[in-house]
Amino acid sequence: MSDDLVELLTSPQFILAVLVSVSVFATLFTLLTPLLGGNELKSRMKSVATERDEIRARERARLAAEKQQNRGSLRMEAKEGGVRRIVERLDLKTALADQATIDKLRAAGFRGQQPLNVFLFARLVLPLVFFAVALFYVFVLGALGEQPTMIRVLACIGFAYLGFYSPNIYISNVAGKRKTSIKKAWPDALDLMLICVESGMSIEAAFRKVSEEIGTQSIPLAEELVLVGAELSFLQERRMAYENMATRTGLESVKSVAQALVQAERYGTPVGQALRVLAAESRDQRMNEAEKKAAALPPKLTVPMILFFLPVLFGVILGPAGIQVSQRGGIF
């Protein structure tokens, strides 16, 4: 019975059926998710509003503690949970996380203590899961049966290593997509911010108004602008809000705008003039990147044209002539 089961699970037909089933499920999930899901912009803005309430509560707690001359830890404690207890009991934050890890999570849009706990718990559990799956597949199902035992063990260890770094890979991918979305919408956001500032709005009202308008183009950028507006209202130094925005996004264009806003706050220089120059630079930079991509298309299309287009073109051109020659029995 076990031999039949192993033979069934390792047969090419079974593996092909599993791959086809996964492909069909992924296709249906991709097509139906936009129809069945809710409004992503509203849900993301709701999470940002929660973050704003946390900032307000944290600052109120800090002020109350200063009045009571108790300058201890003012960090808001999260609710007790199994993941949090495991992370704290094993001290995973000291072993597996540092400030760079927290910055990566923020760049990916995961803020607060709970995402950090889930990330650390995943880095603890996933290597064990990957190792167990690899052991089952290699030693029970007989994969790599022709290889020596040491090679099979090393393959299992490699899968465990992959499981250990898979959360980092996921966070990097999410952060990259988020950065790309912000980068594409940033010049338009600067133009809108310039219009708001020159119309007489304060910088906080400008951030709030632009976040409402830019959400249809880039939800991550709308989140960041809402957070900046909240931090400008509650943080001790307004400079920290701009620096936090530059750190979360990791974009040079955003850093330059943050520096310009900090200088405007410190020296009283006109904000509109700085935004106009930076908006023009951002538009020029986006145009230059588009021109670079357009200039890189011919070399990239050379190999596909040789492999796919030219054989079809030759077949269409020479096909009728070949048919006529074959019907006549030869050229002469």
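The structure reproduced in this document is the subject of the present report. Model, not experiment: these values are computed from the prediction.

What counts as what
- Each chain carries its own residue numbering, running from 1 in the direction its sequence is written.
- The model is predicted, so local features are restricted to residues of pLDDT at least 70 and side-chain atom pairs to those at 80 or more, both for listing and for counting; the totals for chains, interfaces and linings are taken over all residues.
- Excluding hydrogens and water, the side-chain values take into account all heavy atoms of the structure.
- By nonpolar core we mean a set of buried residues, namely Ala, Val, Leu, Ile, Met, Phe, Trp, Tyr and Cys, connected to one another through side-chain atoms within 4.5 Å.
- To sort residues, take the accessible area from a 1.4 Å probe on protein chains only and compare it with the maximum for the residue type: under 20% means buried, over 50% means exposed, and anything in between is partly exposed.
- Only DSSP runs of H or I with at least four residues qualify as helices, and only runs of E with at least two residues qualify as strands; both kinds are numbered from the N terminus onward.
- Residue contacts follow a heavy-atom distance rule, with two residues in contact if any of their heavy atoms lie within 4.5 Å.
- To estimate the expected span of a helix, subtract one from its residue number and multiply by 1.5 Å.
- Arc definition: it is the arc formed by the directions from the helix axis to the C-beta atoms.
- In this analysis, a patch consists of residues with relative accessible area above 30% that form no salt bridge, clustered at 9 Å for like charges and at 5 Å for the nonpolar side chains Val, Leu, Ile, Met, Phe, Trp and Tyr.
- Note on areas: Shrake-Rupley, 1.4 Å probe, and residue coverage restricted to the protein chains presented here.
- By convention in these notes, a salt bridge is any Lys or Arg side-chain nitrogen within 4 Å of a carboxyl oxygen on Asp or Glu.
- Two rings belonging to Phe, Tyr or Trp (six-membered ring only in the last case) form a pair when the distance between their centres is within 6.5 Å. Interplanar angles under 30 degrees mark stacking, angles over 60 mark edge-to-face geometry, and anything in between is tilted.
- Axis definition: a line fitted to C-alpha atoms, over the contacting stretch in the case of helices. Angles run 0 to 180 degrees between N-to-C directions.
- Angles below 35 degrees are treated as roughly parallel, those above 145 as roughly antiparallel, those between 65 and 115 as roughly perpendicular, and all remaining angles as oblique.
- The hand of a helix crossing depends on one turn: near helix anticlockwise from the far one by less than a right angle means left-handed, and clockwise means right-handed.
- Site definitions follow a grid-based scheme: protein atoms alone, a 1 Å grid, a 1.4 Å probe that fits but cannot get out for cavities, and for pockets an open set with protein on both sides within 12 Å along at least five of seven lines, plus lining residues having an atom within 4 Å of a point.
- Grid points are joined across faces, edges and corners, and a volume is the space filled by probe spheres set on the points.
- Amino acids outside the nonpolar list (Ala, Val, Leu, Ile, Met, Phe, Trp, Tyr, Cys, Pro) and the charged list (Asp, Glu, Lys, Arg) are all regarded as polar, and Gly is one of them.

As for the nonpolar core
Here is step 1: The biggest cluster of nonpolar side chains holds 34 residues, and the ones touching the most others in it are Met193, Phe207 and Tyr242.
Here is step 2: Listed by contribution, the elements that provide at least two residues to this core are α8 (149-198), α9 (203-214), α10 (219-234), α11 (238-249), α12 (252-267) and α13 (271-295).
Here is step 3: The leading source of residues in this core is α8, at nine residues.
Here is step 4: For Met193, the contacting residues outside a window of four places in its chain are Ile203, Ala206, Phe207, Val210, Leu225 and Leu275.
Here is step 5: Ranked by size, the runner-up nonpolar core spans eleven residues in total, among them Val87, Ala107, Leu120 and Ala175.

Observations regarding α11
Here is step 1: Helix length check: α11, at twelve residues, gives a terminal C-alpha distance of 18 Å against a target of 16 Å (1.5 Å per residue), a fit within 8%.
Here is step 2: Taken as a whole, α11 has its buried residues at Ala241, Tyr242, Met245, Ala246, Arg248 and Thr249. Projection of α11 onto a plane perpendicular to its axis shows the buried side chains occupying an angular sector of 170 degrees, all on one side.
Here is step 3: The inward-facing, buried residues of α11 abut α6 (99-107), α8, α9, α10 and α12.
Here is step 4: Taken from the residues just after α11, Gly250 is the one with a positive phi, measuring 75 degrees.

Things to note about α9
Here is step 1: Taking 1.5 Å per residue, twelve residues should reach 16 Å; α9 reaches 16 Å between its end C-alpha atoms and fits that length.
Here is step 2: Residues Ile203, Glu204, Ala205, Ala206, Phe207, Val210, Ser211 and Ile214 constitute the buried set of α9.
Here is step 3: At its buried positions, α9 is contacted by α8, α10, α11, α12 and α13.

Here we look at a nonpolar patch on the surface
Here is step 1: Together, Phe131, Leu135, Phe136, Phe139, Val140, Met150, Ile151, Val153, Leu154 and Ile157 make up an exposed nonpolar region whose accessible area comes to about 860 Å².
Here is step 2: At the level of elements, α7 (113-140) and α8 are the ones that each hand at least two residues to the nonpolar patch.
Here is step 3: Relative to the assigned elements, Val140 resides in helix α7.
Here is step 4: Classification of Val140 by relative accessible area gives partly exposed; the value is 47%.

Details of the packing of aromatic side chains
Here is step 1: Under the definition given, this model contains three aromatic pairs.
Here is step 2: Both rings, one in Tyr161 and one in Tyr165, keep their centres 4.9 Å apart while their planes meet at 55 degrees; by these two values the pair is tilted. Of this pair, Tyr161 and Tyr165 both sit in helix α8, separated by four residues, roughly a single helical turn.
Here is step 3: We classify Tyr161 as exposed; its relative accessible area is 54%.
Here is step 4: When the centroid spacing of 6.5 Å and the interplanar angle of 40 degrees are considered together, the rings of Phe207 and Tyr242 count as tilted. Here Phe207 is found in helix α9, whereas its partner Tyr242 is found in helix α11, with 35 residues between them in sequence.
Here is step 5: Owing to a relative accessible area of 0%, Tyr242 belongs among the buried residues under this scheme.
Here is step 6: Taken together, Tyr161, Phe164 and Tyr165 form an aromatic cluster joined through their ring pairs.

Side note on the packing of α9 against α11
Here is step 1: Here α9 crosses α11 at 30 degrees, and the two axes come no closer than 13 Å. Here α11 runs roughly parallel to α9, going by the angle between their axes. Crossing hand, α9 versus α11: left-handed. Contacts between α9 and α11 involve Ile203, Glu204 and Phe207 from the first element and Arg238, Tyr242 and Met245 from the second.

Quick notes on empty space enclosed by the protein
Here is step 1: Under the criterion given, the structure shown has two cavities of 30 Å³ or more.
Here is step 2: In this model, the largest cavity occupies a volume close to 40 Å³.
Here is step 3: Lining the largest cavity are Ala107, Ala175, Arg178, Lys179, Ile182, Glu224, Arg248 and Thr249.
Here is step 4: The element that contributes the greatest number of residues to the lining of the largest cavity is α8, accounting for four residues.
Here is step 5: Across the lining of the largest cavity, the residue classes tally to three nonpolar, one polar and four charged.
Here is step 6: Taken as a whole, the second largest cavity encloses approximately 30 Å³ of empty space.
Here is step 7: When contributions to the lining of the second largest cavity are tallied by element, the ones reaching two or more residues are α12 and α13.

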